[in-house]
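In case you want the letters, here they are:
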Amino acid sequence: SLKPGDDQLTETDRRLATRRELWNAAFDGVDLREKSVLDAGLGEGHFTRFLAERRPSRLFSITCVPDEVQPARERIGEWADRVEFLIANLTAMPEVPDDSFDLVAADYLIAAVAAHTPYREINCLKELRRVVKPGGRVILTGWEVWPQCRNRTEVSVRRLSKLRDAIHHLNGVEPFREHPRRWIE
């Protein structure tokens, strides 16, 4: 099992180990057996695998990027047969009926929506609420990814992203980020 402090881990493995710690904390006491679960945002498939390992009765993973499915399926490995992959836009999912899932879960979804379709974060949250059954849960983790910068380009990109968010904040647009207010104070 991966541990974030293990000196022999690659940077990617260290990040994944840290993510798994967060996911374990967020899902502590949450039994997914006999539940229909939506993974809102396939990404690389690591979170989907985490959910599949908890053996929900049905697991769906949505992505708007068809090319993500096969690489994610390979990362999910032996659990991939338990996952039904859907191609849909999480900010508007007419193909998914209301009250479809006992649990809707997402990791880094809001940051991804903000990056790819800015100002659609609220639409996405409304859709997640719409597709969860009454009495069901929505669990969101990892609002923003800020890994350690490895070079001057990454430092510059981070600074520009923070500046963009600060400008939006000063104009009365509240971005879904973890610390935008702190960046402009």
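These numbers were taken from a predicted model, which means no experiment stands behind them.

Here is what the cut-offs are and how they apply
- Residues numbered from 1 in each chain as written.
- Predicted model: local features only at pLDDT ≥ 70, side-chain atom pairs only at ≥ 80, totals over all residues.
- Heavy atoms only, no water.
- Pairing = 2+ DSSP bridges.
- Helix = DSSP H or I, 4+ residues; strand = E, 2+ residues; numbered from the N terminus.
- Axes fitted to C-alpha atoms, helices over the stretch in contact; angles between N-to-C directions.
- Core = buried A, V, L, I, M, F, W, Y, C linked by side-chain atoms within 4.5 Å.
- Buried < 20%, exposed > 50% of the residue type's maximum accessible area, 1.4 Å probe, protein only.
- Contact = heavy atoms within 4.5 Å.
- Disulfide = S-S within 2.5 Å.
- Patch = residues over 30% accessible without salt bridge, like charges linked within 9 Å, V, L, I, M, F, W, Y side chains within 5 Å.
- Areas by Shrake-Rupley, 256 points an atom, 1.4 Å probe, with all protein chains shown as cover.
- Salt bridge = Lys/Arg side-chain N within 4 Å of Asp/Glu carboxyl O.
- Parallel < 35°, antiparallel > 145°, perpendicular 65-115°, else oblique.
- Left-handed = near helix turned anticlockwise from the far one by under 90°.
- Nonpolar A, V, L, I, M, F, W, Y, C, P; charged D, E, K, R; others polar.

Trainee: Please provide a residue-by-residue account of the sheet that holds strand β4 (residues 101-107), values included.
Mentor: One open sheet accounts for 5 strands, arranged β3-β2-β1-β4-β5; its pairing is parallel. Every interior strand has two partners, whereas the edge strands, β3 (83-87) and β5 (132-141), have only one. Sheet twist, expressed as the average angle between the axes of neighbouring strands with direction ignored, equals 20 degrees. With 5 bridges connecting them, strand β1 (residues 36-40) and strand β2 (residues 58-63) associate as parallel partners. By the bridge assignment, aspartate 39 is partnered in β2 with serine 61.

Trainee: Account for the nonpolar core, with residues named and values stated.
Mentor: Core analysis: the largest hydrophobic core is formed by 22 residues, its most contacted members being Phe27, Phe47, Leu51 and Leu103. Counting only elements with at least two residues in this core, the list comes to α1 (11-26), α2 (46-53), α3 (69-76), β3 and β4. When residues in this core are grouped by element, the largest group, 4 residues, is from α2. Setting aside chain neighbours within four positions, we find phenylalanine 27 in contact with Phe47, Phe50, Leu51, Leu103, Ala105 and Ile139. Ranked by size, the runner-up nonpolar core spans 17 residues in total, among them Ile62, Ala88, Leu90 and Val131.

Trainee: Run through the state of the cysteines, naming residues and quoting values.
Mentor: On inspection of all chains with the given rule, the structure shows 0 disulfides. The cysteine cysteine 64 is free of any disulfide, with cysteine 124 supplying the nearest cysteine sulfur at 10.0 Å.

Trainee: Describe a nonpolar patch on the surface, and please don't skip the residues or the numbers.
Mentor: Residues Leu160, Leu163 and Ile167 make up a contiguous nonpolar surface patch of roughly 290 Å² in combined accessible area. Of note, leucine 163 is situated in helix α6 (residues 152-170). Note on leucine 163: relative accessible area 47%, which makes it partly exposed.

Trainee: Quick rundown of α2? Include the residues and the values.
Mentor: Where α2 is concerned, the buried positions are Phe47, Thr48, Phe50, Leu51 and Ala52. Buried-residue contacts for α2 involve α1, β1, β2, α3, β3 and β4. Arginine 55 sits one or two residues past α2 and shows a positive phi near 55 degrees.

Trainee: Break down the packing of helix α4 (residues 109-116) against helix α5 (residues 121-131) for me, with residues and values.
Mentor: Running from amino to carboxyl end, α4 crosses α5 at an angle of 140 degrees, the nearest separation of the two axes being 9 Å. Judged by the inter-axis angle, α4 sits oblique to α5. Crossing geometry of α4 relative to α5 is assigned as right-handed. Of the residues in α5, those in contact with Leu109, Ile110, Val113 and Ala114 of α4 are Glu121, Cys124, Leu125 and Leu128. Taken together, the residues that form the contact of α4 with α5 break down as 7 nonpolar, no polar and 1 charged.

Trainee: I'd like to hear about the pattern of salt bridges, residue by residue, with values.
Mentor: Taken as a whole and judged by the stated rule, the model has 10 salt bridges. Two residues, glutamate 53 and arginine 54, come together in a salt bridge whose shortest N-O distance is 3.7 Å. Using a relative accessible area of 25% as the deciding quantity, one classes arginine 54 as partly exposed. A network of salt bridges, in which partner residues are shared, links Arg20, Arg49, Glu53, Arg54 and Glu78.

Trainee: Pulling in residues and values, what's your account of the environment of serine 161?
Mentor: As for its position among the elements, serine 161 is in helix α6. Here the alpha-carbon distance between serine 161 and alanine 115, two residues 46 residues apart in the chain, equals 9.8 Å.

Trainee: Could you give me a rundown of the side chain of glutamate 127, with the residues and numbers involved?
Mentor: With respect to the helices, strands and loops of the structure, glutamate 127 is situated in helix α5. Using a relative accessible area of 12% as the deciding quantity, one classes glutamate 127 as buried. Excluding its chain neighbours within four sequence positions, the residues that come into contact with glutamate 127 are Leu90, Thr91, Ala92 and Met93.

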